[in-house]
Amino acid sequence: MPEGPSIVILREQAAGFAGRTITHASGNSKGIDFDALAGQPIVALRSWGKHFLIQLPTLALRIHLLMFGTYRINERKDAQPRLSLGFDDGEELNFYTCSVKTIDADLDAQYDWSADVMNDQWNPAQALKKLRAAPDMLVCDALLDQDIFSGVGNIIKNEVLFRIRVHPLSRVGALPAAKLRELVAQARAYSFDFLKWKRALVLKQHWLAHTKRICPRCDIPFHKAHLGKTNRRSFFCTRCQKQYPAALLTPVRSDSRQRSQRTPPAS
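Predicted model only: the values in this text are computed from it and were never measured.

S.K.: Explain the packing of helix α1 (residues 4-13) against helix α6 (residues 177-199) to me, please; I cannot follow it from the model alone.
M.R.: Between two packed helices, both the angle of their axes relative to each other and the distance between the axes serve to describe the pair. At a minimum axis distance of 9 Å, the contact between α1 and α6 shows a crossing angle of 55°. The pairing of α1 with α6 is recorded here as oblique in orientation. The element α1 and its partner α6 pack so that their crossing is right-handed. Across the interface between the two elements, P5, S6, V8, I9 and E12 from α1 touch S191, F194, L195, K198 and R199 from α6. Partitioning the contact of α1 with α6 into residue classes produces five nonpolar, two polar and three charged.

S.K.: Quick question: what am I supposed to make of the side chain of N94 here?
M.R.: Mapping N94 onto the fold places it in strand β7 (residues 92-96). A polar contact is formed between the side chain of N94 and the backbone oxygen of E75, at a distance of 2.9 Å. A polar contact of 3.3 Å, which involves the side chain of N94, links it to the side chain of E92. Once you skip the residues sitting within four places of it in the chain, N94 turns out to touch T70, Y71, R72, E75, R76, L83, S84 and L85.

S.K.: Could you clarify how one ought to interpret the sheet that holds strand β3 (residues 51-55) in this entry?
M.R.: Picture the strands of a sheet paired through backbone hydrogen bonds; they go either parallel or antiparallel. Strand order in this open sheet of four strands is β2-β3-β4-β8, and the pairing throughout is antiparallel. With one partner strand each, in any of the chains shown, β2 (44-48) and β8 (99-103) form the two edges of the open sheet. Sheet twist, expressed as the mean angle between neighbouring strand axes with direction ignored, is 25°. Bridge count for strand β4 (residues 60-64) against β8 is five bridges, and the pairing is antiparallel. Bridging from a neighbouring strand, H64 pairs with S99 of β8. In this fold α1 packs onto β2 and β3, with an angle of close to 175° to the strand it touches most, β2.

S.K.: Explain unusual backbone geometry here, please?
M.R.: Both trends apply: most residues other than glycine have a negative phi, and most peptide bonds are in trans. Residue P245 is bonded to the preceding Y244 through a cis peptide linkage, with omega at -15°. If you trace the backbone, P245 turns up in the segment after β10 (232-236). Not every positive phi belongs to a glycine, and T211 is a case in point at roughly 70°. Summarising the element assignment, T211 is placed in the loop between α6 and β9 (223-227). If you check the backbone angles, D219 has positive phi at about 55° while not being a glycine. Among the secondary structure elements, D219 is positioned in the loop between α6 and β9. You can call D219 exposed: its relative accessible area is 63%.

S.K.: Just checking my understanding: could you explain the sheet that holds strand β1 (residues 24-26) for this structure?
M.R.: If you trace the four strands from one edge of the open sheet to the other, you get β1-β6-β7-β5, paired in antiparallel fashion. Each edge of the open sheet is held by one strand with a lone partner, namely β1 and β5 (70-73). The average angle at which neighbouring strand axes cross in this sheet is 10°, direction not considered. Taken together, the three bridges between β1 and strand β6 (residues 83-86) define a ladder with antiparallel strand orientation. Residue A25 lies in a different strand from β6, and its bridge partner there is L85.

S.K.: How should the pattern of salt bridges be read in this particular structure?
M.R.: Two side chains with opposite charge may pair up if their charged atoms get near one another. This model, assessed by the stated rule, comprises eleven salt bridges. When the shortest N-O distance is used, the salt bridge between K130 and D112 registers 3.7 Å. In this pair, K130 sits in helix α3 (residues 124-132) while D112 sits in the loop between β8 and α3, placing the two residues 18 residues apart along the sequence. Counted as one network, the salt bridges with shared partners bring together R20, D88, D89 and E91.

S.K.: Please clarify how the pairing of β9 should be interpreted in this entry.
M.R.: Two faces, one strand: in a regular strand the side chains alternate between the faces of the sheet. Of all the five residues making up β9, four are buried; the element is thus mostly covered by neighbouring parts of the structure. Where β9 meets β10, five bridges bridge the pair, whose relative direction is antiparallel. In the strand pairing of β10, L227 is matched with R232. Between the end of β9 and the start of β10, which pair antiparallel, lie four residues, with G228 showing a positive phi angle near 75°.

S.K.: So what exactly am I meant to see when it comes to a nonpolar patch on the surface here?
M.R.: The grouping of M1, L66, M67 and F68 at the surface amounts to a nonpolar patch, some 400 Å² of accessible area in total. In this fold, M67 is placed in the loop between β4 and β5. The partly exposed category is assigned to M67, whose relative accessible area is 42%.

Definitions and cut-offs
Residues numbered from 1 in each chain as written. Predicted model: local features only at pLDDT ≥ 70, side-chain atom pairs only at ≥ 80, totals over all residues. Heavy atoms only, no water. Axes fitted to C-alpha atoms, helices over the stretch in contact; angles between N-to-C directions. Helix = DSSP H or I, 4+ residues; strand = E, 2+ residues; numbered from the N terminus. Parallel < 35°, antiparallel > 145°, perpendicular 65-115°, else oblique. Left-handed = near helix turned anticlockwise from the far one by under 90°. Contact = heavy atoms within 4.5 Å. Nonpolar A, V, L, I, M, F, W, Y, C, P; charged D, E, K, R; others polar. Polar contact = N/O pair within 3.5 Å; in protein donor to acceptor, adjacent residues only side chain to side chain. Pairing = 2+ DSSP bridges. Buried < 20%, exposed > 50% of the residue type's maximum accessible area, 1.4 Å probe, protein only. Salt bridge = Lys/Arg side-chain N within 4 Å of Asp/Glu carboxyl O. Patch = residues over 30% accessible without salt bridge, like charges linked within 9 Å, V, L, I, M, F, W, Y side chains within 5 Å. Areas by Shrake-Rupley, 256 points an atom, 1.4 Å probe, with all protein chains shown as cover.

Worth remembering: the numbers are spatial, not functional.
Next comes the structure, spelled out in structure tokens:
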């Protein structure tokens, strides 16, 4: 699933379409009046977390690339697009295997820009307040909560927790205050590192935990398990990533045949 930094790159690559008028639109997305899009100018191209937003005078198009969505600018795939927007000079913007919805044109009334870790309006104090209001939440779920950390996905989650040496089954309310602040700060800092590395086409070379087998700090095998309510893959080291509070049992390594999770006692 594309994470927030990837959607920022999409917004940057599509920036040249802002201010231009759609001449024709098509696709196989249900509930979209493609005829009504023709003749409308693109007021702005914006992003919020994992949402790419095409703002028009009377409505906005919200595009979520889901797990396997892709896009093409001025070229096509050998597949029917979910949304295709054409312009008078033959240029086009095409989206595949994604969710396309129409929403109200007033995006500021619908989105909390301060929750987007990539946005200039990002508010770390607000994120801390939301975390403190959910002390029983596991940190592996908290980082994926789009109301708190819009744009953070599973890669960023695993890398942030490894970077700050926190076990994914730690509870938010058990983290020391300094560690909680570090969690918030690194959610944003790593997202911008992700953006820099992805622009340079070297993102995977910088992964320290995600999909890795051996901890680069301890030189012992990582544990891999599907954890939390989100049930997303976590890669972590039980030696250098501390669990808050300490657990009686530690998750064992799991594979496609067996997924194991031990939840620590409530704080």
